[in-house]
Amino acid sequence: MLVIDEAHNIKGIDKVWSSAMLKAAPHVNSRVILTGTPAPNGYEDLKNLFDFIHPGKNILGFNINQLKRMSKGATSSQPLNDVAKSFFTRITKKNLDIPGQTFTPVSIPMSARQEKIYRLIENKVVSGRKKSKVFMHANLIRLRQAASNPLQLIEPIEKELLNNNLIEDVDDTNNLMSINDISVQIDDFKNETDLPKLDYLIKIAKEARDKKERILIWTYFIKNVDLINKHLRRHITGVPIYEITGATPVEQAETTYDPEVELTREKTLEQFRASSPSILIATPQCIGESISLHKECHKAIYYDRDYNCGLFIQSKDRIHRVGLDASTITEYIFLVSKDTVDEQIAEKLNDKENRMMTMLESEGIPLLSESSDENQLEIIESIVKAYNARQL
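Treat the numbers as computed from the prediction; the structure is a model and nothing was measured. (Residues numbered from 1 in each chain as written. Predicted model: local features only at pLDDT ≥ 70, side-chain atom pairs only at ≥ 80, totals over all residues. Heavy atoms only, no water.)

Peer 1: Help me out: how do you make sense of the overall build of the protein in this one?
Peer 2: When its secondary structure is counted, the protein shows 17 helices and 8 strands. Out of the 392 residues belonging to the protein, those deemed buried represent 48%. (Helix = DSSP H or I, 4+ residues; strand = E, 2+ residues; numbered from the N terminus. Buried < 20%, exposed > 50% of the residue type's maximum accessible area, 1.4 Å probe, protein only.)

Following this line, the structure appears as structure tokens:
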């Protein structure tokens, strides 16, 4: 028997993992796949999964182009679901009777200097919303950075000033003045005094330490991992602090690691689980799936979020899974900079999560694909709407 867990990772056509598994499939007597997201990007992701289960047979009866058309809504997916339902078993969270969760959004006013930086960038977004996708994508990221840690803006702002590279606004004097204003404000910015969100995080961490709790802190920005780690070490004693990012190596059987020099992801998680209290800072992009912390950790703090709902749901599930004691309450705390893009992202994530959970609990194969362009457009429209409302 050959079993593939997280089988959506073999969805890629002619990729290394998928090719290897498809070649191995005919040589075993039985094959099983396990996945929570069988079609993360589109129904075409199903082809390799079903080709692995029944090698050499097109049991779905649809080619890649037909599956792509279903993903886009050009044709009905019902015939696909009718065929596929005989070959899989759905187990939803409702079937598992997992204990409850609590969700606490915390609205945190920005400092005067942070707000000045944020509003300058917001003005650029509102005034330039009809410009290219590249322009809007860059400035949307900067809004998220300004709402969580404006010092992340130092390098991109310096690059714009050095190269006079304002994307579409090279000759725009007002825009150049805006960039200069942002640069001046960032030069005077101090995390110790100008970042209330960070202070609130320290407060939560101290309370967790006093209760001997383990906490998981999520952030989508690498520089925020460094910021949070340094700030926690400066203000909290007696608590081991760990971090996992893309730079944290994955343990390899043929490689020897010196724990005094470098911890692998596996060793980091092992030490986090073994210590109480303890703190783990991580990016959802890195350990948003395939990691289980629910037996040891029951509290997650989101320092910032983005608009990828699938990744958000996966990150939450790291501490809320089958196997929890019936009395365990899993707690999520969302830190939100008031009157910023944080609020628009939270609103959109809530809406999308409700839709996704409805699909996940349905009988058919859930299609969880998201359009990045559509996400950004919706967020920008919300930013403009909130901006106009504040002007009244």
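More follows now that the structure is in view.
Peer 1: Mind showing me how you'd approach the side chain of Ser 337 here?
Peer 2: Along the chain, Ser 337 turns up in strand β8 (residues 330-337). Engagement of the side chain of Ser 337 in a polar contact is seen with the backbone oxygen of Ala 147, the distance being 2.6 Å. Those residues in contact with Ser 337 that sit more than four places away from it in its chain are Ile 108, Met 110, Gln 114, Ala 147, Lys 197, Asp 342 and Glu 343. (Polar contact = N/O pair within 3.5 Å; in protein donor to acceptor, adjacent residues only side chain to side chain. Contact = heavy atoms within 4.5 Å.)

Peer 1: How should I be thinking about the packing of helix α11 (residues 196-210) against helix α12 (residues 222-235) in this particular structure?
Peer 2: Angle between the axes and distance between the axes are the two parameters that describe a pair of packed helices. At a minimum axis distance of 10 Å, the contact between α11 and α12 shows a crossing angle of 55°. Judged by the inter-axis angle, α11 sits oblique to α12. Classified by chirality, the crossing of α12 by α11 is right-handed. Residues Leu 198, Asp 199, Leu 201, Ile 202, Ala 205 and Lys 206 of α11 touch α12, and the partners they reach there are Leu 227, Ile 228, His 231, Leu 232 and His 235. Partitioning the contact of α11 with α12 into residue classes produces 7 nonpolar, 2 polar and 2 charged. (Axes fitted to C-alpha atoms, helices over the stretch in contact; angles between N-to-C directions. Parallel < 35°, antiparallel > 145°, perpendicular 65-115°, else oblique. Left-handed = near helix turned anticlockwise from the far one by under 90°. Nonpolar A, V, L, I, M, F, W, Y, C, P; charged D, E, K, R; others polar.)

Peer 1: I keep staring at the pattern of salt bridges and nothing clicks. Help me out?
Peer 2: Close approach of charged atoms lets side chains of opposite charge pair. Taken as a whole and judged by the stated rule, the model has 15 salt bridges. The salt bridge partner of Asp 188 is Arg 113, with a shortest N-O separation of 3.9 Å. Pair noted here: Asp 188 is in the loop between α9 (173-187) and α10 (191-194) and Arg 113 is in helix α6 (residues 112-127), with a separation of 75 residues, a long-range link. Residues Lys 299 and Glu 213 are paired through a salt bridge, measuring 3.0 Å at the closest nitrogen-oxygen approach. Taken together, the positions of Lys 299 in strand β7 (residues 299-302) and Glu 213 in the loop between α11 and β4 (214-218) put the pair 86 residues apart, joining distant regions of the chain. For Glu 213, a relative accessible area of 25% gives the class partly exposed. Look at the salt bridges and you will find they share partners, linking Glu 115, Arg 119, Glu 122 and Arg 390 into a network. (Salt bridge = Lys/Arg side-chain N within 4 Å of Asp/Glu carboxyl O.)

Peer 1: Looking at this structure, I do not really get helix α3 (residues 64-71). What am I missing?
Peer 2: The periodicity of an α-helix, 3.6 residues per turn, causes residues three or four positions apart to be oriented the same way. What α3 keeps buried is the set Leu 67, Met 70 and Ser 71. Angularly, the buried residues of α3 cover 105° about the axis, an arc narrow enough to put them on a single face. For α3, the secondary structure elements touched by its buried residues are α2 (46-53) and α4 (78-84). Where α3 begins, the side chain of Asn 63 points an oxygen toward the backbone nitrogen of Asn 65, at a separation of 3.2 Å. (Arc of directions from axis to C-beta.)

Peer 1: Looking at this structure, how should I read the confidence of the model for the protein?
Peer 2: Predicted coordinates in regions of low pLDDT should not be interpreted in detail. On average, residues of the protein score 85 in pLDDT, and 87% of them reach the 70 mark or higher. The model gives residues 165-171 a pLDDT under 50, and that stretch makes 14 contacts with residues more than four places away or in other chains. (pLDDT = per-residue confidence, 0-100.)

Peer 1: What's the story with the packing of aromatic side chains in this structure? I'm lost.
Peer 2: Here the distance between the centres and the angle between the planes together describe a pair of aromatic rings. The tally for this structure, following the rule as stated, stands at 7 aromatic pairs. Relative to Phe 312, the ring of Tyr 302 lies with its centre 5.4 Å away and its plane at 70°, an arrangement referred to as edge-to-face. Residue Tyr 302 is located in strand β7, and its partner Phe 312 is located in helix α15 (residues 309-316); the two are separated by 10 residues in the primary sequence. In terms of burial, Tyr 302 and Phe 312 fall into one category: buried. By way of ring pairs, the aromatic residues Phe 103, Trp 218, Tyr 302, Phe 312, Tyr 332 and Phe 334 are connected into one cluster. Note that Lys 197 overlies the ring of Tyr 303, its terminal NZ or CZ placed 5.2 Å from the centroid. (Phe/Tyr/Trp six-rings, centres within 6.5 Å; stacked < 30°, edge-to-face > 60°. Lys NZ or Arg CZ within 6 Å of the ring centre and 35° of its normal.)

Peer 1: In this structure, what is going on with unusual backbone geometry? I would like to understand it.
Peer 2: Leaving glycine out, the prevailing phi sign among residues is negative, and the prevailing peptide bond configuration is trans. In the segment running from Ser 276 into Pro 277, the intervening peptide bond is cis, with an omega of 5°. Position of Pro 277 relative to the elements: it lies in the loop between α13 (265-274) and β6 (278-282).

Peer 1: Can you walk me through the sheet that holds strand β3 (residues 101-108) in this structure?
Peer 2: On the basis of which strands lie adjacent, the open sheet formed by 6 strands has the order β3-β8-β7-β4-β6-β5 and parallel pairing. Two strands bound the open sheet, and with one partner strand each, they are β3 and β5 (241-244). The sheet shows a mean angle of 20° between the axes of neighbouring strands, direction not considered. Each of β3, β4, β7 and β8 is contacted by α15, which is oriented at about 150° to β7, the strand it contacts most. (Pairing = 2+ DSSP bridges.)

Peer 1: Is there a simple way to think about the environment of Ser 107 in this case?
Peer 2: Tracing the chain through its elements places Ser 107 in strand β3. Ser 107 gets classed as partly exposed once you look at its relative accessible area, which sits at 46%. Spatially, the C-alpha atom of Ser 107 lies 4.9 Å from that of Val 336, the residues being 229 residues apart in sequence. Once residues lying within four places of it in the same chain are set aside, the contact partners of Ser 107 are Val 336, Lys 338 and Glu 343.

Peer 1: Would you mind going over empty space enclosed by the protein with me for this structure?
Peer 2: Within the structure shown, the criterion is met by 1 cavity of 30 Å³ or more. In this structure, the largest cavity spans a volume of roughly 60 Å³. Surrounding the largest cavity, Tyr 302, Asp 304, Arg 305, Phe 334, Leu 335, Val 336, Asp 342, Ile 345 and Ala 346 form its lining. Mapped by element, the contributors of at least two residues to the lining of the largest cavity are β8 and α16 (341-360). Looking at side-chain class alone, the lining of the largest cavity contains 6 nonpolar, no polar and 3 charged residues. (1 Å grid on protein atoms, 1.4 Å probe; cavity = no way out; pocket = protein on both sides within 12 Å on 5 of 7 lines; lining within 4 Å. Points joined across faces, edges and corners; volume = space filled by probe spheres on them.)

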